[in-house]
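Listed below are the residues making up each chain.
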Amino acid sequence: MIDNYNRNINYLRISVTDRCNLRCVYCMPPEGVKQTPHSEILSLEEFARVVDAASDIGIRKIRITGGEPLVRKNIVNLFEKISTNSAIDDISLTTNGVLFAEMASDLKKAGLNRVNFSLDSLNPDTFRDITRMGKFNDVWRSIQKALELELHPVKLNVVAVRGINDHEFADFARLTKEIPIHVRFIELMPIGECNPWAVGNFIAAEEILHGLQQKFGLLDTQVKVTGSGPAKYYCLPNSKGTIGFITAISEHFCAGCNRLRLTANGQLRPCLYGKQEFDLKTPLREGASRQELAKIITKAIRHKPSQHHMEDGWRDRRVMSQIGG
Ligand SMILES: Nc1nc2c(ncn2[C@@H]2O[C@H](COP(=O)(O)OP(=O)(O)OP(=O)(O)O)[C@@H](O)[C@H]2O)c(=O)[nH]1
Ligand SMILES: C[S@@+](CC[C@H](N)C(=O)[O-])C[C@H]1O[C@@H](n2cnc3c(N)ncnc32)[C@H](O)[C@@H]1O
Ligand code: SF4
Ligand code: SF4
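You'll find the chain entered in UniProt as GTP 3',8-cyclase, with Desulforamulus reducens given as the organism. According to the UniProt record, the Pathway comment for the chain reads "Cofactor biosynthesis; molybdopterin biosynthesis." The Subunit comment attached to the chain in UniProt states, word for word, "Monomer and homodimer."

What follows is the structure, encoded as structure tokens:
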């Protein structure tokens, strides 16, 4: 469906749980965030009903995210349900990769097309420090598995944090020479847990790009990678993979925004940064029809803002793991 600013809204990101098995320093406090009671979190059937209604008004791409989506019990069933909807042509996953290796074949069989991993360091000690508990080898094994199963394009999301992983950007870039992997540097956003800490540790994509160009020479800009998100891609000469940038802060990409978000407790959010939400949980539980759900989704699209106003600060009660990134 086309919104009020002539953008085609065809992408729905679903946070299937606010729980997580890691505690990344920019996302959650060490003790985790206050969890939504299970009864308030949508069931897999309810998520699938929303997908069906959304597909009637033009949603074609679904991303399953969280919290950590793979800690949700029976999550494979949701992929199965979504893949029965023939209007949906892309089902993807954003995961920290801890549990992916064991589940990969089942997820692929259930309809998963591709996967984005979050991995902020290639050094096991630094990785543990950033995630407060993660084991690098678990994630690395999962990435290998995704490549083996040809879940292409396989992407790595690297949140750039000054003083933590800024000495590793060239190592991430080198990875793309050898492996068909798409590394994306994400600008740290002052959301939830990391606000205002993020402001002091922020690195602009331009600085990373400049550093890589000094080290490796000019990067090729004529690069296209399958995806629905806002990354801009480059590559090193003769490389198998690419290097992308998600410039959420330094150069927002709202003019081309194509997405809606559904929180784990059934609230439809037209914009990552906007506080406004549209309740789907109540109608879902009161027996709303597919058409009635589609009407609410249409209303949310009509209320999608032209761009974010992050400069006003983050005054929302929600954190990234509830919204799904
Ligand atoms: N500001 C802003 N940031 C976003 C938006 N969508 C994604 N991001 C950022 O990009 C990060 C990575 O997104 P992913 O979950 O990997 O999904 P994607 O980039 O849409 O995926 P592709 O379809 O593979 O391009 C998110 O965690 C956010 O930090 C958006 O609409 N606005
Ligand atoms: C909230 S996580 C959910 C999915 C899964 N747990 C994971 O980490 O991939 C989705 C993405 O949001 C990113 N993210 C979380 N907090 C962020 C922040 N403050 N700024 C930028 N990206 C952030 C993570 O790095 C991850 O790539
Ligand atoms: S970024 Fe993902 S893995 Fe890290 S704490 Fe947040 S939800 Fe968990
Ligand atoms: S900030 Fe809002 S309008 Fe801008 S790209 Fe993200 S979701 Fe879309």
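Locating Glu277 in the fold gives a position in the loop between strand E10 (267-269) and strand E11 (278-279). A relative accessible area of 18% means that Glu277 is categorised as buried. Among the polar contacts listed, one links the side chain of Glu277 to the side chain of Arg269, at a separation of 2.7 Å.

This brings us to the UniProt feature "binding site: S-adenosyl-L-methionine" in the chain. When the UniProt feature table is mapped onto this chain, "binding site: S-adenosyl-L-methionine" is found at Tyr26, Gly67, Ser118 and Met189. Here Tyr26 lies in the loop between strand E1 (11-15) and helix H1 (44-56). Among the residues examined, Tyr26 registers a relative accessible area of 13% and is labelled buried. If you trace the backbone, Met189 turns up in the loop between strand E6 (181-187) and helix H7 (197-201).

Attention now moves to the UniProt feature "binding site: [4Fe-4S] cluster 1" in the chain. The sites that UniProt annotates as "binding site: [4Fe-4S] cluster 1" are Cys20, Cys24 and Cys27. Assignment of secondary structure puts Cys24 in the loop between E1 and H1. Accessibility expressed as a relative area gives 17% for Cys24, which makes it buried. In this structure, Cys24 is in contact with Ile130, Thr131 and Arg132, ignoring residues within four places of it in sequence. Structurally, Cys27 is set in the loop between E1 and H1. For Cys27, a relative accessible area of 17% puts it in the buried group.

Contacts to ligand 4 come from Phe253, Cys254, Cys257, Arg261, Cys271, Leu272, Tyr273, Lys304 and His308. The residue inventory of the shell around ligand 4, partitioned by class, reads six nonpolar, one polar and two charged.

What follows covers the site of ligand 3. Residues in contact with ligand 3, as listed here, are Cys20, Leu22, Cys24, Cys27, Gly67 and Asn96. The class makeup of the residues in the shell around ligand 3 is four nonpolar, two polar and no charged.

Looking now at the nonpolar core. Formed by 79 residues in total, the largest nonpolar core has its most connected members in Leu12, Ile64, Phe100, Phe185 and Ile297. Those residues in contact with Leu12, other than ones at most four positions away along the chain, are Val50, Ala54, Ile59, Lys61, Ile62, Arg63, Leu260, Arg261, Leu262 and Leu268. Counting residues in hydrophobic clusters, the runner-up holds 27 residues, among them Met28, Trp314, Val319 and Ile323.

The subject of this paragraph is the environment of Ala264. Position of Ala264 among the secondary structure elements: in the loop between strand E9 (259-262) and E10. Overall, Ala264 belongs to the buried group, its relative accessible area being 5%. In this view, Ala264 contacts Ser15, Val16, Thr17, Asp18, Glu40, Ile41, Leu42, Phe47 and Gln322; residues no more than four positions away in its chain are not counted.

So, on to helix H2 (residues 75-83). A turn of α-helix holds 3.6 residues, and therefore any two residues three or four places apart point the same way. Of the residues making up H2, those classed as buried are Ile75, Val76, Leu78, Phe79 and Ile82. In a view along the axis of H2, the buried residues occupy a sector of 155°, so they form one face of it. Summarising the contacts, the buried residues of H2 are in contact with H1, strand E2 (61-65), strand E3 (90-95) and helix H3 (100-110).

Attention now moves to the packing of H2 against H3. Direction vectors running N to C along H2 and H3 enclose 20°, while the axes themselves pass 8 Å from each other. One way to sum up the angle between H2 and H3 is to call them roughly parallel. With respect to the hand of their crossing, H2 and H3 are arranged in right-handed fashion. In this structure, H2 uses Ile75, Val76, Phe79, Glu80 and Ser83 to contact H3, whose residues at the interface are Met103, Asp106, Leu107 and Ala110.

In this section: the pattern of salt bridges. Scanning the model with the defined rule gives 16 salt bridges in all. Arg290 is the partner of Asp56 in a salt bridge, and the nearest nitrogen-oxygen pair spans 2.7 Å. In this pair, Asp56 sits in helix H1 while Arg290 sits in helix H10 (residues 290-302), placing the two residues 234 residues apart along the sequence. Relative accessible area serves as the criterion here: at 45%, Asp56 is assigned to the partly exposed category. Lys109 is the salt-bridge partner of Asp106, the closest N and O atoms lying 4.0 Å from each other. A residue pair is termed a helical-turn pair when its members lie 3 or 4 positions apart in one helix, as Asp106 and Lys109 do in helix H3 at three residues. Exposure remark for Asp106: the relative accessible area of 41% places this residue in the partly exposed category. Lys109 sits in the exposed class, given a relative accessible area of 70%. Each of the salt bridges in this network shares a partner with another, and the network as a whole consists of Asp125, Arg128 and Asp129.

Calculation criteria
- Residues numbered from 1 in each chain as written.
- Chains lettered and ligands numbered in written order.
- Predicted model: local features only at pLDDT ≥ 70, side-chain atom pairs only at ≥ 80, totals over all residues.
- Heavy atoms only, no water.
- UniProt positions renumbered as here; feature names shortened; annotations may be inferred.
- Helix = DSSP H or I, 4+ residues; strand = E, 2+ residues; numbered from the N terminus.
- Buried < 20%, exposed > 50% of the residue type's maximum accessible area, 1.4 Å probe, protein only.
- Polar contact = N/O pair within 3.5 Å; in protein donor to acceptor, adjacent residues only side chain to side chain.
- Contact = heavy atoms within 4.5 Å.
- Near = heavy atom within 4 Å.
- Nonpolar A, V, L, I, M, F, W, Y, C, P; charged D, E, K, R; others polar.
- Core = buried A, V, L, I, M, F, W, Y, C linked by side-chain atoms within 4.5 Å.
- Arc of directions from axis to C-beta.
- Axes fitted to C-alpha atoms, helices over the stretch in contact; angles between N-to-C directions.
- Parallel < 35°, antiparallel > 145°, perpendicular 65-115°, else oblique.
- Left-handed = near helix turned anticlockwise from the far one by under 90°.
- Salt bridge = Lys/Arg side-chain N within 4 Å of Asp/Glu carboxyl O.

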